[in-house]
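# Geometric and topological summary
Take a look at the letters that make up each chain.
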Amino acid sequence: MTQASEQEEAKGLSFSGYLHCMRGIVWREALRFLQQRERFIAALVRPLVWLFIFAAGFRSVLGVSIIPPYETYVLYEVYVTPGLVAMIQLFNGMQSSLSMVYDREMGNMRTLLVSPFPRWFLLTSKLMAGVAVSLLQVAVFLAITWFWEVEPPLWGYLAVIPALILSGLMLGALGMLLSSGIKQLENFAGIMNFVIFPMFFASSALYPLWRMKETSPLLYEICLLNPFTYVVELIRYALYGQLNLEALAVVAGFTILFLGGAIFAYNPSKGLIARRGGPGGK
Amino acid sequence: MTASQAVPQDETVPAEVKASDQKDATRALEVAGLTHAFGANKALDDVSFSIAPSRFCVLLGLNGAGKTTLFSLITRLYSNTSGAIRVYGHDVRRAPGEALQRLGVVFQQRTLDLDLTVMQNLLYHAALHGFTPREARRRAEAQLERVKLADRAKEKARRLSGGQMRRVEIARALLHNPHMLLLDEPTVGLDIDSRRDIVEHTTALCQDEKLAVLWATHLIDEVTPAKQVVVMHHGKVVADGSHDEVLCATGAGDIGAAFAALTQAKSDSLSLDGGGA
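First, a word on scope: everything that follows refers to the structure included in this document. (Residues numbered from 1 in each chain as written. Chains lettered and ligands numbered in written order. Predicted model: local features only at pLDDT ≥ 70, side-chain atom pairs only at ≥ 80, totals over all residues. Heavy atoms only, no water.)

Bringing the nonpolar core into the picture now. Phe-200 and Phe-228 of chain A together with Leu-29, Phe-49, Leu-70, Met-180 and Leu-214 of chain B are the most contacted members of the largest nonpolar core, which has 107 residues in total. A per-element tally of this core places helix H4 (residues 76-106) of chain A first, with 14 residues. Formed by 29 residues, the second largest nonpolar core is a distinct cluster that contains Phe-56, Val-223, Ala-258 and Leu-262 of chain B. (Core = buried A, V, L, I, M, F, W, Y, C linked by side-chain atoms within 4.5 Å. Buried < 20%, exposed > 50% of the residue type's maximum accessible area, 1.4 Å probe, protein only. Helix = DSSP H or I, 4+ residues; strand = E, 2+ residues; numbered from the N terminus.)

Below, the structure written as structure tokens:
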């Protein structure tokens, strides 16, 4: 072994080593995403269908009064856009969880977990990779909605980035936590029915909560307990350059909770994996 | 005499020893008193053995003997609750990073990303070990050259044959210059030529690079006289020593008969054709 390569080896777990490791994980996820064009198109078509068809139909039925952060009456399309952005991230978070199950089945998770870096770091890097992919999707979606007269202030587009990173982390961590408990790929349908749809519909994504309160106080309470409501509101306020502190606190809290749970579940000695027999275990 | 008895019991390999010096450690791998259970099912029962540096050790056992569980514990996919596993003196529970840095692993399952190119697969793995992109590429090119697949670097992994994929996986496992190579049933599903190729390549690595090798298999013909043999059955080590020592201990004429005697299985029930696991 040459002296240079010895030094390289010694540098392996240095700070720059951590950065290279995270870069590699994000790079691989982005490569995979770009190669799966159907996935990219599906990720865009879903919210666009909601915007172009659902929102257009509901525009006449639902009037949205002036509620913060909006300063005037807004079209329903404008109201629903932050909810659809959150939906992109929700699906992406769950899709990443799907990819974790796939990775586990295919053994790729094993190659990730034999990296000498600490496991919490590997899992967080994997989450960041998912967030990066969701940012790409959201950017293209927001660019399209701009032509659909959804025109938040320009600096709102900048202000929403940190909000999207946090919400992406929260939803990705939830997906990761779920992935540790899913044994087979097919169970993703269960996730759709029991996680994605309830979270999305029982939130402020499609209708303001005051309207919900008028029709069903119980549903209103459920929406208030749903962390996805706060994801939507965090994004909605940020897109208009405002900070919703309550939403920030709730989203940050749930991020810590879900991430902690996921790291616990993937902990070799404590979590679910150990009890069940490991990734890819039978 | 078992191999673990042959090696002096030295507990103190200093953690700060440079990676390159670790090849001179007394034992490449030491497994001591390892027991592991999934619920009521005891997968490993008081497993102990060790491998000296630059030694080729064949871990022989039928399917379900506990080989893959042992591999999962060594690579810390999940953690051992009793007993100890040390890689060049580094306990995998207390210093997993130090231990994993010294290990190259080829899993039983195919773990290449089929949609990425061969080179992209290797660069990703090098990044997982913290190498700069330039260093990663240099190492990947060198390893691909070694397994004679340099001309396939830009092709999707999907287009490789089973034997070529295995060679890429071995190249990938060596990117970070590990001191020990773990291979879990690496020849399963390969044709005869590819099998011979992988066995010869790994044997050469052991000799030329002074790599310790732990090679799990259920194929008896992969045990040759120069190798250490550890036989596992129902989660227990039932024999551990050189090829000749195992023959001597069992009084058998060949390793197939020795294995049959040790596991009380009929020789003809053992797969010798390289077929599926």
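With that out of the way, let us pick up the pattern of salt bridges. If charged atoms from side chains of opposite charge come close, those side chains can pair. Summed over the entire model, instances satisfying the criterion amount to 22 salt bridges over all chains. For Arg-138 of chain B, the salt bridge goes to Glu-135 of chain B, with nearest N and O atoms at 2.8 Å. With Arg-138 of chain B and Glu-135 of chain B both in helix H5 (residues 133-146) and three residues apart, this pair spans about one turn of that helix. Look at Arg-138 of chain B and you get partly exposed, because its relative accessible area is 43%. Glu-135 of chain B sits in the buried class, given a relative accessible area of 10%. Its salt-bridge partner being Arg-146 of chain B, residue Glu-209 of chain B comes within 2.6 Å of it at the nearest N-O pair. A residue pair is termed long-range when its members are at least 10 positions apart, and Glu-209 of chain B in the loop between helix H7 (192-208) and strand S8 (212-217) and Arg-146 of chain B in helix H5 qualify at 63 residues. The partly exposed category is assigned to Glu-209 of chain B, whose relative accessible area is 32%. Salt bridges here are not isolated pairs; linked through shared partners, they connect Arg-28 and Arg-32 of chain A together with Asp-113 of chain B. (Salt bridge = Lys/Arg side-chain N within 4 Å of Asp/Glu carboxyl O.)

This brings us to helix H9 (residues 255-263) of chain B. Residue and element names in this part refer to chain B. Buried residues dominate H9, accounting for seven of its nine residues. Where the residues of H9 are buried, they touch strand S3 (56-60), strand S9 (228-233), strand S10 (236-242) and helix H8 (243-250). Regarding H9, its N-cap is Asp-254, as a side-chain oxygen of that residue lies 2.8 Å from the backbone nitrogen of Gly-256 further along. (Contact = heavy atoms within 4.5 Å. Polar contact = N/O pair within 3.5 Å; in protein donor to acceptor, adjacent residues only side chain to side chain.)

Quick look at unusual backbone geometry now. Of note in the backbone geometry, Glu-149 of chain A takes a positive phi value of approximately 65° without being a glycine. Structurally, Glu-149 of chain A is set in the loop between helix H6 (119-146) and helix H7 (154-181). Look at Glu-149 of chain A and you get exposed, because its relative accessible area is 55%. Not every positive phi belongs to a glycine, and Arg-76 of chain B is a case in point at roughly 60°. Along the polypeptide, Arg-76 of chain B turns up in the loop between helix H2 (67-74) and strand S4 (82-87).

For the rest of this paragraph, the subject is the sheet that holds strand S5 (residues 90-91) of chain B. All names here are of chain B. Pairing is antiparallel across the open sheet formed by four strands, whose spatial order is S2-S1-S4-S5. Each end of this open sheet is capped by a strand with a single partner; those strands are strand S2 (41-51) and S5. The sheet contact formed by strand S1 (residues 29-38) and S4 spans five bridges and is antiparallel. Each bridged residue has a counterpart across the sheet, and for Leu-29 the counterpart in S4 is Val-87. On the sheet, H2 packs against S1, S2 and S4 and is oriented at approximately 115° with respect to S1. (Pairing = 2+ DSSP bridges. Axes fitted to C-alpha atoms, helices over the stretch in contact; angles between N-to-C directions.)

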